[in-house]
Amino acid sequence: MRKTLLGYVPDESPIYAIHPFVKLFFLLVVSLFPMFITPPEWNLFLMLFLLGAMWYSKVNMSTLRIYVPVAVSMGTIILLSYTVLGGTHPEYQLLYKIAGIKIYWERIRDAIVVYFRILPMIFSMVFFLSTSRERDVIVAMRSIRLPFIVTYIFAMSLRAAGMVLEDFHIVRQAEKARGFDPAGKSLYYKIRQYVMYMIPLFALSLRRSEDFTNALVARGYAFTGEASRVKRADYVLTHYTFTTLDMVLTIIIGLSFVAILYLRYGLGYLDLDSSWFLSWLQGAIT
Amino acid sequence: MSEKEPFVQVKNMIFRYPDGTQALSNINLNIREGEFMALIGQNGSGKTTLSKCINGLFKPSSGDVIVDGQNTKTTSIVQMVRRVGYVFQNPDHQLFNSNCWDEIAYGPRNIELSEAEVKERVEEAAKVVGLSEELFAEHPFFLPKGQRQRVAIGSILALRPKVIIVDEPTTGQDAKQSLEIMDFLVDLNENHGHTVVIITHDMPIVARYAKRVVAMGNSRILADGPTAEVFSQHDILAEASLEPPQITQLAQLSGGFGFRAGTLTVTEMWEQFQALVTSF
C-alpha cells in the first residue's frame, strides 16, 4: 500500500506506471470537459468513466461513500437556489405555484445541468488526489517548468493540509477517548460536537504555521531578493521517466478535449437541445 | 470476574492499519490493578497502537482485548472510557473547550452524568491535578504546557477510569516539570488506586518510577518483567534499540565489585557503594 493524498492505493496499482505529469494533465483537462458538455447524461457517463478509472487504479471504492452526503447536500442547495430562490421569470414555462413561489421548468433544467457539470469536476479531483502523492504533484508542476516558488508554496499547502488531516484524526480519537459517541444522537448534538474540532485544529495550525516560517527562515529561504533567484537542481525529477505510454495518454487526453470542442462548436452537438434526458424529463413533469 | 483475573488481558492480538501495515503481532499481555508500568521501545515499535487497542480506540484485527471482563470488540467507547483513560502525547490535540472547567467536564457530560455529578467530578479531578479554582475560567490553550498536560490528565481523571495510560508524559517538559508530573502519577497510583501505564523513551524516568517494564520492538513484546530484570537483558534492549540508564550501565560494568546488575538509581548505587566500603 502507498499513501496518497486521500487514502491508500495498493503497490500493484497500474496508476503508478503513469507519470505524475499525465495525472495532473488529466485533472486539468478532464475537469474542463463538463464546461463544454451540457447534456446531463453525457456528464453522467463522464462520471462513470472516472469511477471506472478509480476502480481500475485499485482505489478503495468504499471511501467514496463519504462524498454521498456532500453530493446530496450540494444538489439540494443548487436545486433550491435555482427554483425556490430563482425569482420571477414571466418568459419561462411555469410548472407549479406553491405558497406564492413559482417553479419554472427552465430553472429546474438549469439546476440539473449545473449539478451534473459540477459532479464530474469533483470526481476528477477525487481521482487525482486518491492516486497521487504530494511528491507526484511537485514532480508534475516542475515537469511543466512552473517556477520553484509556485511549486514550493503549493507543496507546502498540501503538506499543511495533510498535517491538518492527521491532526483531525488524532483530535477525533481524543474526542472518542473522552466518551464522545455520536451514534444515536441528534443532528444538533453532532454538529455542536464536530464544531469543537475546530478549536484544537485552529490552534495547532497557528502554532505549525509559525514553526514552518521559522524553519524556512532558519535555513536561509527567502521569497524575495537574491536567495529566491538561486537556480535549483530538480533531484526529484530524476526518479521519473516520461515513457511512450505517457506520451500516448497525454495525446489521447488532449485530442479528447479538441474533439469535444469540435463536437460542441463545429458540429453543434452536446448543447441543451441535444439532451434526450432533458427532453424526456420535460415531457414527464410538464 | 474473579479477583485474581488481570484487569486488562490482551490475547494473541494482531493489529493492522487500513493500509495493511501490521503494527502489532501476536501480543499477549496482562495488566493487574494497581500496577505502575512502562511501555518502552523505539518509534514505530507499536507502543501507542497497543495502548489505543487497550483503550478501545482501535479494535484488534484478530485476537482479543478484555478489559474488566469486557471484550473491546463488542464494548462501546462510552463504556470503555470509564475503564481505561488515554492521555494523548500532545495536550493540544485534546483540549476542545474555551475554559478549563468545561474541558474537565467534557468527558463526564459525554457519558451523560447529571450536572451535580459532573460538578463533583470536575472539582475532584481539578484538586488531584492541582488546578486551582482561579484557572477554571481560563482558556486551556493559553496555559503553559505543563499545566495544559495537567488539564488533559484531569479531563481523563474526571471519567474515573481504573487504568490511565499516559503517552510521553515528560516530552517537552523541563526536569522539574517532568518530576512533578511523574510524582503526580505515582500519587494517582499509590493514593487514588489508579493503574498507571506510561509510554516513554526516558529511561531514567522508567528506572526511577516504573515497577514493571514492557519492552517492544518490531511490533512484538520483546521483554516483560520487573524494571531491574528487563534492564539487565542487554540483547533484548539492543534489539529494541534501547539503552538502560547510565547508572545501571555503570553498575553492570562494575558487577565484579558486587554491584547489582539491576541497579536503577543513583541512590541505590550509593547505598551499595557505602555497604561495599563498610565491608572492607
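Residues numbered from 1 in each chain as written. Chains lettered and ligands numbered in written order. Predicted model: local features only at pLDDT ≥ 70, side-chain atom pairs only at ≥ 80, totals over all residues. Heavy atoms only, no water.

A separate point is the overall build of chain A. A tally of regular secondary structure across chain A gives eleven helices and four strands. Its C-alpha atoms give chain A principal-axis dimensions of about 65 × 55 × 45 Å. Scored against the burial criterion, the 286 residues of chain A give a buried share of 38%. A separation threshold of at least 6 residues defines the contact pool for chain A, and within that pool the share at least 24 residues apart is 72%. As displayed, chain A offers around 16500 Å² of accessible surface, 68% of which is attributable to carbon and sulfur atoms. If you average the places of the 28 positive and of the 19 negative side-chain charges in chain A, the two averages end up 4 Å apart. (Helix = DSSP H or I, 4+ residues; strand = E, 2+ residues; numbered from the N terminus. Buried < 20%, exposed > 50% of the residue type's maximum accessible area, 1.4 Å probe, protein only. Contact = heavy atoms within 4.5 Å. Areas by Shrake-Rupley, 256 points an atom, 1.4 Å probe, with all protein chains shown as cover. Lys, Arg positive; Asp, Glu negative; His and termini not counted. Charge placed at Lys NZ, Arg CZ, Asp CG, Glu CD.)

Position of B:Asn110 among the secondary structure elements: in helix H3 (residues 100–110). When the C-alpha atoms of B:Asn110 and B:Leu242 are compared, they prove to be 40 Å apart, with 132 residues separating the residues in sequence. Contact partners of B:Asn110, with chain neighbours within four places excluded, come to A:Arg178, A:Gly179, A:Phe180, A:Tyr189 and A:Gln193.

Domain annotation of chain A identifies domain 1 (1–132 + 243–286) and domain 2 (146–240). Between the C-alpha centres of domain 1 of chain A and domain 2 of chain A the distance comes to 29 Å. (Domains from an automatic or database assignment.)

We now examine the pairing of strand S1 (residues 8–16) of chain B. All names here are of chain B. Pairing geometry for S1 and strand S2 (residues 22–31), over six bridges, is antiparallel. Looking at S2, one finds that phenylalanine 15 is bridged to leucine 24. Turn length for the S1-S2 hairpin, with the two strands adjacent in sequence and antiparallel, is five residues, and the turn residue glycine 20 shows positive phi of about 95°. (Pairing = 2+ DSSP bridges.)

Residues and elements named next belong to chain B. For the structure on display, the rule yields 21 salt bridges over all chains. Residues arginine 160 and glutamate 124 are paired through a salt bridge, measuring 3.2 Å at the closest nitrogen-oxygen approach. Here arginine 160 is found in the loop between helix H5 (145–157) and strand S7 (163–167), whereas its partner glutamate 124 is found in helix H4 (residues 115–129), with 36 residues between them in sequence. The exposure class assigned to arginine 160 is partly exposed, which follows from its relative accessible area of 31%. (Salt bridge = Lys/Arg side-chain N within 4 Å of Asp/Glu carboxyl O.)

This part covers the sheet that holds S2(B). All names here are of chain B. Strand order in the open sheet formed by four strands is S2-S1-S4-S5, with antiparallel pairing between adjacent strands. Edge strands, defined here as strands with exactly one partner in the open sheet, are S2 and strand S5 (70–71). Relative to S5, strand S4 (residues 62–67) runs antiparallel, the two sharing two bridges. Paired with isoleucine 66 across the strands is asparagine 71, a residue of S5. Each of S1, S2 and S4 touches helix H1 (residues 47–55); the most contacted strand, S2, lies at about 60° to it. (Axes fitted to C-alpha atoms, helices over the stretch in contact; angles between N-to-C directions.)

So, on to a nonpolar patch on the surface. Together, A:Trp42, A:Leu44, A:Phe45 and A:Leu48 line one region of the surface with nonpolar side chains, adding up to about 400 Å² of accessible area. Position of A:Phe45 among the secondary structure elements: in helix H3 (residues 40–56). (Patch = residues over 30% accessible without salt bridge, like charges linked within 9 Å, V, L, I, M, F, W, Y side chains within 5 Å.)

Right, let's get into the interface of chain B and chain A. Listed by partner, the interface residues are 30 residues for chain B and 23 residues for chain A. Taken together, both faces of the contact between chain B and chain A bury some 2400 Å²; the carbon and sulfur share is 60%. Looking only at chain B, the three residues that lose the most surface to chain A are B:Asp19, B:His93 and B:Phe96, adding up to 29% of its buried area. At the junction of chain B with chain A, the criterion picks out one salt bridge. Notably, a salt bridge pairs B:Glu103 with A:Arg178, separated by 2.9 Å at the nearest N-O pair. The tally of links between chain B and chain A comes to six residue pairs in polar contact (both at pLDDT 80 or more). Of all the secondary-structure elements, those providing two or more residues to the side of chain B that touches chain A are H1, helix H2 (77–80), H3 and H5 of chain B. Tallied by class, the residues present in the side of chain B that touches chain A amount to 14 nonpolar, ten polar and six charged. (Buried area = accessible area lost by both parts, 1.4 Å probe. Polar contact = N/O pair within 3.5 Å; in protein donor to acceptor, adjacent residues only side chain to side chain. Nonpolar A, V, L, I, M, F, W, Y, C, P; charged D, E, K, R; others polar.)

Turning our attention to helix H10 (residues 244–266) of chain A. Residues and elements named next belong to chain A. Its 23 residues give H10 an end-to-end C-alpha distance of 31 Å, which sits within 8% of 33 Å, the value for a rise of 1.5 Å per residue. Packing partners of the buried residues in H10 comprise helix H1 (20–30) and helix H2 (33–36). Positive phi appears at glycine 268, one or two residues downstream of H10, with a value of about 80°. (Expected span 1.5 Å × (residues − 1).)

A separate point is the packing of helix H6 (residues 134–143) of chain A against helix H7 (residues 148–177) of chain A. Residues and elements named next belong to chain A. Running from amino to carboxyl end, H6 crosses H7 at an angle of 165°, the nearest separation of the two axes being 10 Å. As summarised for this structure, H6 and H7 are arranged roughly antiparallel, according to the angle between their axes. The chirality of how H6 crosses H7 is right-handed. Mapping the contact onto sequence places Glu134, Val137, Ile138, Met141 and Arg142 in H6 and Phe148, Val150, Thr151, Phe154, Ala155, Leu158 and Arg159 in H7. (Parallel < 35°, antiparallel > 145°, perpendicular 65-115°, else oblique. Left-handed = near helix turned anticlockwise from the far one by under 90°.)

Residue and element names in this part refer to chain B. Spatially, the six strands line up as an open sheet ordered S6-S7-S8-S3-S9-S10, and their pairing is mixed. Two strands lie at the open edges of the sheet, namely strand S6 (84–87) and strand S10 (220–226), each paired on one side alone. On average, each strand axis in the sheet is tilted by 15° relative to the strand beside it, whichever way the strands run. Where S7 meets strand S8 (residues 195–199), five bridges bridge the pair, whose relative direction is parallel. Its bridge partner being in S8, aspartate 167 is matched across the sheet by isoleucine 199. Its contacts with the sheet put H1 on strand S3 (36–41), S6, S7, S8 and strand S9 (212–217), and the angle it makes with S6 is roughly 145°. The sheet contacts of helix H6 (residues 175–191) involve S3, S7 and S8, and relative to S8 the element is tilted by about 150°.

The next point concerns the pairing of S4(B). Taken residue by residue, a regular strand's side chains alternate between the two faces of the sheet. All names here are of chain B. In this structure, S1 lies alongside S4, joined through five bridges in antiparallel fashion. When the sheet's bridge partners are listed, lysine 11 is paired in S4 with aspartate 64. Linking S4 back to S5 in an antiparallel pair, the connection comprises two residues, with aspartate 68 at a positive phi of about 55°.

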